[in-house]
Amino acid sequence: MYPPKFGYVIPDSLDEALEFLEKNEDARPLAGGYSLIPMLKLRLIRPSYIVELRRLNDLHYIKSDDKTLYLGALATHNEIATDQKVKKSVPVVSAVSSVIADPQIRNMGTIGGELAQADPVTDHPASLLVTEAKVKIKSKGNERIVPFEGFQKDIYTTDLKTGELIVEVQVPILKGYTYSYKRMEDTAAVAVLLRKEGEVIKDVRIAASLIGPVGTRLREAEKVLMDSKGDSKSIEEASKKAMESVNPIPSPRASAEYKKKLVGVYTKRALLEAMGGKQ
Amino acid sequence: MKVIEQEQKAKVRYKINGQQYETEVEPRRLLVHVLRELGFTGVHIGCDTSHCGACTIIMDGKSVKSCTILGVEADGSEILTIEGLAQGEKLHPIQEAFWEKHGLQCGYCTPGMIMQSYWLLKNNPNPSEEEIKEGISGNLCRCTGYQNIIDAIKLAAERMKGQ
């Protein structure tokens, strides 16, 4: 299978890339390519130009300070999964990165590419929603930082406008939280981040992804657990609320109804594990 | 900035199995095709959709699926294919282990399996069975001969420890 014909642009700097993308509305940036190249092969997109990003080293880093983890848009899933800073400061992001697709895809796939592509079957949204991460976006002469929640609008649709690129993902470093991530490949996933004071749950964040169309925070379920002791009755009720509040799209492997049920089951399992203190 | 137009060919250079190669590619050409045309036909085309892993190679030290990388994109990179593993007549320990444990049936997935095993053992010289399974989760064997493949990787890990 060959991709359709396109021109290829190798920019020397981020500014050059941004300028070219702004002037050529149907040009597409290429990061890891493991979503974009299959789409080209299937003729789902026919861009005039592909703009190569992989050599732009100023987008390729993992940094942190006391409060925030900064993931350059070209940080690969495998780099994020194996980086000790990420493991220590935001383990839920590390854990989610380590199960994306397969090892070869994690070696090429980038966090910026995954978020910009907004494929419905992606893992990162769950961890970025529970940590309340932000996305830094650049265009020629402009920069803006937006919450990740709301950035992905629908399948393959984001807040990005012509000429804009994701340059960084900023993840707050939260201390004293435990987490859990439960998933079935390509089907459904739930992430939980939780902080207790003594016996009482003082903060809990639950998010679902992989079910499509985009990742979602499950706030109705969170409300049930806030300031509770996380007894089995409230966990049951939270799982039920989680199940009721999602609206999955069916896939060849699973009906919408089945995915809904999985969200309920995974919410319960993730809550139990996070309550058990995994961190 | 370099712009290669649709019908234009770009000059690319790769270091493949230790030797320099230079060729010309159209932007739409995939790395797997370019490598096969340069004679590295051990790089197989299986599903062509980045699922099966038959086209797995090592590019700049990482295992990747060459059916989902453009030839132009890989310009300047260092590539290792199955042809580069043996030293003359002497097979690589992973190849030997696949042979001894019969880690193949039809053999179509084998080059990709071996290259992925190579990367796995480089990063984790002493993998558990679970880690081996996860490590080759991006490689499909249509004959479903996974048990012997896993045994072969275990044996290779054992033998490579001493090296």
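In this text the structure is predicted, and so the values were computed from the model without any measurement.

J.: I'm lost on the packing of aromatic side chains in this one. Help?
T.: Think of a pair of aromatic rings as described by two things: how far the centres are apart, and how the planes are tilted against each other in angle. Residues and elements named next belong to chain A. Scanning all chains against the criterion turns up three aromatic pairs over all chains. Ring centres of F148 and F151 lie 6.5 Å apart, and the angle between their planes is 35°; on these two criteria the pair is classed as tilted. The ring of Y61 carries K63 above its face, with NZ or CZ at 4.5 Å from the centroid.

J.: Where do I start with the pattern of salt bridges in this structure?
T.: Oppositely charged side chains can form a pair if their charged atoms are brought close together. Residue and element names in this part refer to chain A. Under the defined criterion, the tally for this structure stands at 32 salt bridges over all chains. Put simply, E19 and K23 hold a salt bridge, and the shortest N to O gap is 3.1 Å. Here K23 and E19 lie together in helix α1 (residues 14–23), a separation of four residues that amounts to about one turn. The salt bridge partner of D159 is R144, with a shortest N-O separation of 2.9 Å. Remark: R144 occurs in strand β7 (residues 142–147) and D159 occurs in the loop between β9 (157–158) and β10 (165–172); sequence separation between them is 15 residues. Taking relative accessible area as the criterion, R144 reaches 24% and is therefore assigned partly exposed. In the salt-bridge network here, residues are joined through shared partners; they are E132, D203, R205, R217 and E222.

J.: It is not clear to me how the domain arrangement of chain A should be interpreted in this structure. Could you clarify?
T.: Accessible area lost upon the coming together of the parts serves often as the stated size of an interface. Residues and elements named next belong to chain A. In terms of domains, chain A is made up of domain 1 (7–52), domain 2 (57–172) and domain 3 (178–275). One C-alpha centre belongs to domain 1, the other to domain 2, and the line joining them spans 19 Å. Between domain 1 and domain 2, the contact holds 14 residues from the first and 18 residues from the second. Carbon and sulfur atoms supply 73% of the area buried between domain 1 and domain 2, which totals about 1,400 Å² over both sides. Counting the surface domain 1 buries against domain 2, the share from its top three residues, L14, L18 and Y34, is 41%.

J.: Looking at this structure, how should I read empty space enclosed by the protein?
T.: Take a probe with the size of a water molecule and roll it over the atoms, and the empty space left behind shows itself. Residue and element names in this part refer to chain A. On inspection of all chains with the given rule, the structure shows two cavities of 30 Å³ or more. Considered as a void within the structure, the largest cavity measures approximately 70 Å³ in volume. Taken together, 11 residues line the largest cavity, and the ones lying closest to its centre are S89, V90, P91, L174 and L193. Of the residues in the lining of the largest cavity, the class split is eight nonpolar, three polar and no charged. Size it by volume and the second largest cavity reaches roughly 40 Å³. Across the lining of the second largest cavity, the residue classes tally to six nonpolar, four polar and one charged.

J.: Even after reading the chapter, I still don't get the confidence of the model for chain B, so can you show me in this structure?
T.: Where the model shows low pLDDT, its predicted coordinates should not be examined in detail. Residue-level pLDDT values for chain B average 97, and 100% of them are 70 or greater. Across the predicted assembly, pTM comes out at 0.96 and ipTM at 0.96.

J.: Could you clarify how one ought to interpret the interface of chain A and chain B in this entry?
T.: Each side of the interface is counted separately: chain A has 38 residues, and chain B has 40 residues. Both faces considered, chain A and chain B share a buried interface measuring about 3,200 Å² in area, 54% of it formed by carbon and sulfur atoms. Considering only the side of chain A, the residues that lose the most area to chain B are A:K5, A:Y8 and A:Q104, jointly responsible for 21% of the buried surface there. Counting across the interface, chain A meets chain B through six salt bridges. With a closest N to O distance of 3.1 Å, B:E134 and A:R106 form a salt bridge.

J.: When you look at the sheet that holds strand β14 (residues 216–217) of chain A in this model, what are you seeing that I'm missing?
T.: The sheet built from four strands is open, its strands ordered β11-β12-β13-β14 (chain A) with antiparallel pairing. The open sheet has two free edges, formed respectively by β11 (178–184) and β14 of chain A, since each of these has just one partner strand.

J.: Teacher, can you tell me more about a nonpolar patch on the surface here?
T.: Together, A:M1, A:L42 and A:L44 give the surface a local cluster of nonpolar side chains, amounting to about 310 Å² of exposed area. Among the secondary structure elements, A:L42 is positioned in the loop between α2 (36–41) and β3 (49–52).

J.: What am I meant to see in the layout of surface pockets here?
T.: Approximately 490 Å³ is the volume attributed to the second largest pocket. Looking at the second largest pocket, it is lined by 17 residues, and the ones nearest its centre are A:N78, A:T82, A:S98, A:R106 and B:E134. Listed by contribution, the elements that provide at least two residues to the lining of the second largest pocket are α3 (77–82) and α6 (103–108) of chain A together with α3 (110–123) and α4 (129–135) of chain B. Residues that form the lining of the second largest pocket fall into these classes: five nonpolar, seven polar and five charged.

J.: Where do I start with the environment of A:G264 in this structure?
T.: Residues and elements named next belong to chain A. Secondary-structure assignment places G264 in helix α11 (residues 256–275). Sequence separation between G264 and T187 is 77 residues, and the spatial gap between their C-alpha atoms is 13 Å. Excluding residues that lie within four positions of it along the chain, G264 makes contacts with S239 and M243.

J.: Help me understand unusual backbone geometry, please; the structure alone is not making it clear to me.
T.: Glycine aside, the phi torsion of most residues is negative, and most peptide linkages are trans. Residue and element names in this part refer to chain A. In this chain, G212 is followed by P213 through a cis amide linkage whose omega measures -10°. Within the fold, P213 resides in the loop between β13 (200–209) and β14. Even without glycine at this site, A101 takes up a positive phi of about 45°. In this fold, A101 is placed in the loop between α5 (91–97) and α6.

J.: Sorry if this is basic, but what is going on with the packing of helix α2 (residues 93–100) of chain B against helix α5 (residues 146–161) of chain B here?
T.: Two quantities define a packed helix pair, namely the angle between the helix axes and the distance between the axes. Residue and element names in this part refer to chain B. For the pair α2 and α5, interaxial distance at closest approach is 8 Å and the crossing angle is 140°. It follows from the interaxial angle that α2 and α5 lie oblique. Seen from above, α2 lies across α5 with right-handed handedness. Between α2 and α5, the residues in contact are P93, I94, E96, A97, F98 and E100 and I149, A152, I153, L155, A156, R159 and M160, respectively.

J.: Sorry if this is basic, but what is going on with the sheet that holds strand β3 (residues 19–25) of chain B here?
T.: Picture the strands of a sheet paired through backbone hydrogen bonds; they go either parallel or antiparallel. All names here are of chain B. What the five strands build is an open sheet, ordered β3-β2-β6-β4-β5; its pairing is mixed. Each of the sheet's edge strands pairs with one partner strand only, and the pair in question is β3 and β5 (62–65). Strand after strand, the sheet turns through a mean of 40° between neighbouring axes, direction not considered. Pairing geometry for strand β4 (residues 56–59) and strand β6 (residues 78–80), over two bridges, is antiparallel. By the bridge assignment for β6, I58 is matched with L80. Here α3 sits on the sheet and contacts β4, β5 and β6; the angle it forms with β4, its principal contact strand, is near 35°.

Each value, and the rule that gives it
Residues numbered from 1 in each chain as written. Chains lettered and ligands numbered in written order. Predicted model: local features only at pLDDT ≥ 70, side-chain atom pairs only at ≥ 80, totals over all residues. Heavy atoms only, no water. Phe/Tyr/Trp six-rings, centres within 6.5 Å; stacked < 30°, edge-to-face > 60°. Lys NZ or Arg CZ within 6 Å of the ring centre and 35° of its normal. Salt bridge = Lys/Arg side-chain N within 4 Å of Asp/Glu carboxyl O. Helix = DSSP H or I, 4+ residues; strand = E, 2+ residues; numbered from the N terminus. Buried < 20%, exposed > 50% of the residue type's maximum accessible area, 1.4 Å probe, protein only. Domains from an automatic or database assignment. Contact = heavy atoms within 4.5 Å. Buried area = accessible area lost by both parts, 1.4 Å probe. 1 Å grid on protein atoms, 1.4 Å probe; cavity = no way out; pocket = protein on both sides within 12 Å on 5 of 7 lines; lining within 4 Å. Points joined across faces, edges and corners; volume = space filled by probe spheres on them. Nonpolar A, V, L, I, M, F, W, Y, C, P; charged D, E, K, R; others polar. pLDDT = per-residue confidence, 0-100. Pairing = 2+ DSSP bridges. Patch = residues over 30% accessible without salt bridge, like charges linked within 9 Å, V, L, I, M, F, W, Y side chains within 5 Å. Areas by Shrake-Rupley, 256 points an atom, 1.4 Å probe, with all protein chains shown as cover. Axes fitted to C-alpha atoms, helices over the stretch in contact; angles between N-to-C directions. Parallel < 35°, antiparallel > 145°, perpendicular 65-115°, else oblique. Left-handed = near helix turned anticlockwise from the far one by under 90°.

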